[in-house]
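Architecture at a glance
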Amino acid sequence: MTRRRWIAENWDEASATLVGAQAEHLARVLRAQPGMTADVVAGGRVFRAEVASVSLAGEASPGETSAGETSEVRFTLLAELEADPALPITLALAVYKFDRMEWAIEKATELGAAAIAPMIARRTEKHLAQAAPKRAERWRRIAMEAAKQARRTDVPVVHDPVPLAEHVHAGSEATRIVLAEQERTTTLHHALEEVLASAGDRMPALELAIGPEGGWAPSEEALFDANGWRAVSLGPRILRAETAAIAALAVVASYLE
Ligand code: SAM
C-alpha cells in the first residue's frame, strides 16, 4: 500500500480507526489487508501503523455475525514518526466567489496554514454571504483532502463564517496583517522583518486578511487600523484574492520554515 498518510477519525493510545469514505477507499480500492503498514495521523501526531482489521459496510467481517453500518479499517499504532507542525498562520479570507475561494483554501492548506477564518465583508456578494454558513462543511472537506495530499500531520481548522467586524473584534494573540491593495508604503516583507525582529527566537503567530473581489470598504480599512492590524502591500499590481492569499502565505512561509 503506497506510503500515503491517512488521517484517522477515531484513535486512542494504541490504535486508530478510519471510517466512511476513507475506509471504503482503503478496503475496496487499495485492498487493505491485516498486516499491511501505512502512516496514520491520529490527533495531530503521525504513526507508523499496521492494519489490524478491515470491515466493509454491509459485509460481516470474519468472526462477526452481523454486517457493520459503515466500512472501518482499524490500525495498530506501532511507532510515532516526526510530525511537521502547521505554520502558525490563520488566513482570514473574505467570502467571495466560492470556486475561487475553495481553490485558495486548498492551496493555503498545502502551504501549511493552521486555520482558515472565512469573513463576510461589506463587498461579499449577498447571495454568497447567505450561502456561506452551509458551505463551511464543504470547505472543511476540501481542507481535509488537501492536507492528506500534502501529507500534513494535521488538518487546518476552518472556522464558521462570521461578519468581518466580529472577527476583527475577537481577541487574538497573533500579529494581525491586512493585505491592502491601496497600501503604498509598507510591504509584507517589511512588516515581517519587524515582526521577526521583535519575536526573537519565538515563532510568531500571524493572521493574514484577504479582501473580496471588490476589495475592502473604507470603513473596513478604518476598522482594521483601529484594531491594530498592519496594512501591507504585495506590490503595485492588483492581484486576485486567491493570488494574494497564496502569494502572502508563500512569503510568510519562506520566513517561518
Ligand atoms: N477591487 C480591488 C481593486 O480593484 O483595487 C481589488 C481587490 S483584490 C481583487 C482582493 C484582495 O486581494 C484585496 O482586498 C487585498 O486583500 C488583496 N490584494 C490584491 N492585490 C494586492 C496588493 N497588490 N497588495 C496587497 N493586497 C492585495
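Residues numbered from 1 in each chain as written. Predicted model: local features only at pLDDT ≥ 70, side-chain atom pairs only at ≥ 80, totals over all residues. Heavy atoms only, no water.

**Regarding the domain arrangement of the protein**
- Domain assignment breaks the protein into domain 1 (5-81) and domain 2 (87-256).
- Contacts between the two partners involve eight residues from domain 1, matched on the other side by seven residues from domain 2.
- Summed over both sides, the interface of domain 1 with domain 2 buries roughly 690 Å², with 56% coming from carbon and sulfur.
- Interface area lost by domain 1 to domain 2 is led by Arg5, Ile7 and Gln22, which between them contribute 70%.
- At the boundary of domain 1 and domain 2, one finds one salt bridge.
- The partner of Asp39 in a salt bridge is Arg151, with the nearest N and O atoms 3.4 Å apart.
- Connecting domain 1 to domain 2 are two residue pairs in polar contact (both at pLDDT 80 or more).
- Among the elements of the structure, β1 (5-7), β4 (37-42) and β5 (45-55) are those that each provide at least two residues to the side of domain 1 that touches domain 2.
- When its residues are assigned to classes, the side of domain 1 that touches domain 2 shows three nonpolar, two polar and three charged. (Domains from an automatic or database assignment. Contact = heavy atoms within 4.5 Å. Buried area = accessible area lost by both parts, 1.4 Å probe. Salt bridge = Lys/Arg side-chain N within 4 Å of Asp/Glu carboxyl O. Polar contact = N/O pair within 3.5 Å; in protein donor to acceptor, adjacent residues only side chain to side chain. Helix = DSSP H or I, 4+ residues; strand = E, 2+ residues; numbered from the N terminus. Nonpolar A, V, L, I, M, F, W, Y, C, P; charged D, E, K, R; others polar.)

**Thoughts on the layout of surface pockets**
- Looking at the largest pocket, its volume works out to about 310 Å³.
- Around the largest pocket sit 19 residues that line it, and Glu181, Ile238, Leu239, Arg240 and Ala244 are the ones nearest its centre.
- When the residues that make up the lining of the largest pocket are grouped by side-chain class, the tally is ten nonpolar, five polar and four charged. (1 Å grid on protein atoms, 1.4 Å probe; cavity = no way out; pocket = protein on both sides within 12 Å on 5 of 7 lines; lining within 4 Å. Points joined across faces, edges and corners; volume = space filled by probe spheres on them.)

**Examining the packing of aromatic side chains**
- For the structure on display, the rule yields three aromatic pairs.
- Geometrically, the ring pair formed by Phe98 and Trp139 is edge-to-face, given 5.7 Å between the ring centres and 75° between the ring planes. Highlighted residues: Phe98 in helix α2 (residues 98-110) and Trp139 in helix α3 (residues 126-149), separated in sequence by 41 residues.
- For Trp139, a relative accessible area of 0% translates into the label buried.
- The rings of Trp216, Phe224 and Trp229 are connected pair by pair, giving a single aromatic cluster. (Phe/Tyr/Trp six-rings, centres within 6.5 Å; stacked < 30°, edge-to-face > 60°. Buried < 20%, exposed > 50% of the residue type's maximum accessible area, 1.4 Å probe, protein only.)

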